[in-house]
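Chains, contacts and geometry: an overview
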Amino acid sequence: MSGWQLRPAGPDDAGAITGNVQAGFDSYVAFAPRGWAPPDVTDAREQTRALLGEPDTFALLACVEDAPVGHVSFFPGRERAAAQAPDAWRTRPLIPGLAHLWQLFVLAPWWGRGVADALHAAAVAEMRERAFTRARLYTPAAHVRARRFYERRGWSIREEAFHAGLALVLAEYRLDLGRAQPRADETRPAEV
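This is a predicted model, so every value here is computed, not measured.

Rules used in this analysis
Residues numbered from 1 in each chain as written. Predicted model: local features only at pLDDT ≥ 70, side-chain atom pairs only at ≥ 80, totals over all residues. Heavy atoms only, no water. Buried < 20%, exposed > 50% of the residue type's maximum accessible area, 1.4 Å probe, protein only. Helix = DSSP H or I, 4+ residues; strand = E, 2+ residues; numbered from the N terminus. Pairing = 2+ DSSP bridges. Salt bridge = Lys/Arg side-chain N within 4 Å of Asp/Glu carboxyl O. Polar contact = N/O pair within 3.5 Å; in protein donor to acceptor, adjacent residues only side chain to side chain. Arc of directions from axis to C-beta. Contact = heavy atoms within 4.5 Å. pLDDT = per-residue confidence, 0-100.

Another point: the pairing of strand E3 (residues 67-78). Of all the 12 residues making up E3, 9 are buried; the element is thus mostly covered by neighbouring parts of the structure. Where strand E2 (residues 58-64) lies against E3, 7 bridges are found, and the strand directions are antiparallel. Bridge pairing links Ala62 to Gly70 in E3. The turn joining E2 and E3, which pair antiparallel and follow one another in sequence, is formed by 2 residues; a positive phi near 50 degrees is taken by Glu65.

In structure tokens form, the structure reads like this:
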């Protein structure tokens, strides 16, 4: 396992998770349009805490000596509503059978070391355990490394659209949870 362990994450881990997200967003400057600035996720901590407290939310942290180096999370998919405030997510109708991969972030020093593979595999296994039939995620369209990671694991592009909150074009991916997925050791190693 190369020095890291997975453990469940909950509301008390909101600070660690938003820290991972901030580091991930900060890394987007490598491919984002000139002049793009990463958003400050400090204000998202309470929404993150609320989502982590929901009984249907699944979240894992990858830790090295109790220090988080990555995380993954998902919850039941809901219909998109671009005009709604971000904190109105609870009012959006659920989409039966759909899991929404909310976040998968690994700190840069841990890229290529199997952390993202393990987090992804655990999340997909849990989605299947919870009887979801398909999954959805969003990643920046220009984030080639992340897109390759997901595509090697069976995710398929559905559409691309501009996300005003991030000021980036996001690619929506879907995964059929009924099909067998490629094993991580059958793919080239890469991390998100």
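Looking now at the pattern of salt bridges. Scanning all chains against the criterion turns up 7 salt bridges. With a closest N to O distance of 3.0 Å, Arg147 and Glu160 form a salt bridge. With a gap of 13 residues between them, Arg147 in helix H4 (residues 144-152) and Glu160 in strand E6 (residues 156-163) connect regions that are remote in the sequence. By relative accessible area, Glu160 is classed as partly exposed at 44%. For Arg174, the salt bridge goes to Glu172, with nearest N and O atoms at 2.8 Å. Judged by relative accessible area, Arg174 falls into the partly exposed class, the value being 21%. Several salt bridges converge on common partners, so that one network encompasses Arg158, Glu172 and Arg174.

All right, on to the side chain of His100 then. Within the fold, His100 resides in strand E4 (residues 94-106). Residue classification places His100 among the buried residues on the basis of a relative accessible area of 10%. A distance of 3.1 Å separates polar atoms of two side chains, one belonging to His100 and the other to Arg136.

The subject of this paragraph is unusual backbone geometry. Even without being glycine, Glu65 reaches a positive phi, approximately 50 degrees. Following the sequence through the fold, Glu65 ends up in the loop between E2 and E3. Note on Glu65: relative accessible area 77%, which makes it exposed. Even without a glycine there, the phi angle at Ala131 is positive, about 70 degrees. Inspection of the secondary structure assignment puts Ala131 in the loop between helix H3 (115-129) and strand E5 (134-140). Accessibility expressed as a relative area gives 57% for Ala131, which makes it exposed.

The next subject is helix H2 (residues 45-53). Buried within H2 we find Thr48, Leu51 and Leu52. All buried residues of H2 project into a common sector of 100 degrees when viewed along the axis, lining one side. Along its buried surface, H2 packs onto helix H1 (14-27), E2, E3 and E4.

Detailed reading of predicted coordinates is not advised where the pLDDT is low. Looking at the protein chain as a whole, the pLDDT averages 89, with 87% of positions reaching at least 70. For the protein chain, per-element mean pLDDT is lowest for H2, which scores 93, and highest for H3, which scores 98. Residue range residues 185-192 is modelled with pLDDT below 50. Its contacts to residues more than four positions away, or to other chains, number 29 contacts.

Let us now look at the environment of Pro68. As for its placement among the helices and strands, Pro68 is situated in strand E3. When neighbours within four sequence positions are excluded, Pro68 is seen to be in contact with Ala16, Asn20, Leu61, Ala62, Cys63 and Leu107.

With that settled, the discussion passes to the side chain of Asn20. Along the chain, the position of Asn20 falls in helix H1. Residue Asn20 is classed as buried on the basis of its relative accessible area, which comes to 4%. Setting aside chain neighbours within four positions, we find Asn20 in contact with Leu61, Pro68, Val69, Gly70, His71, Phe105 and Leu107.

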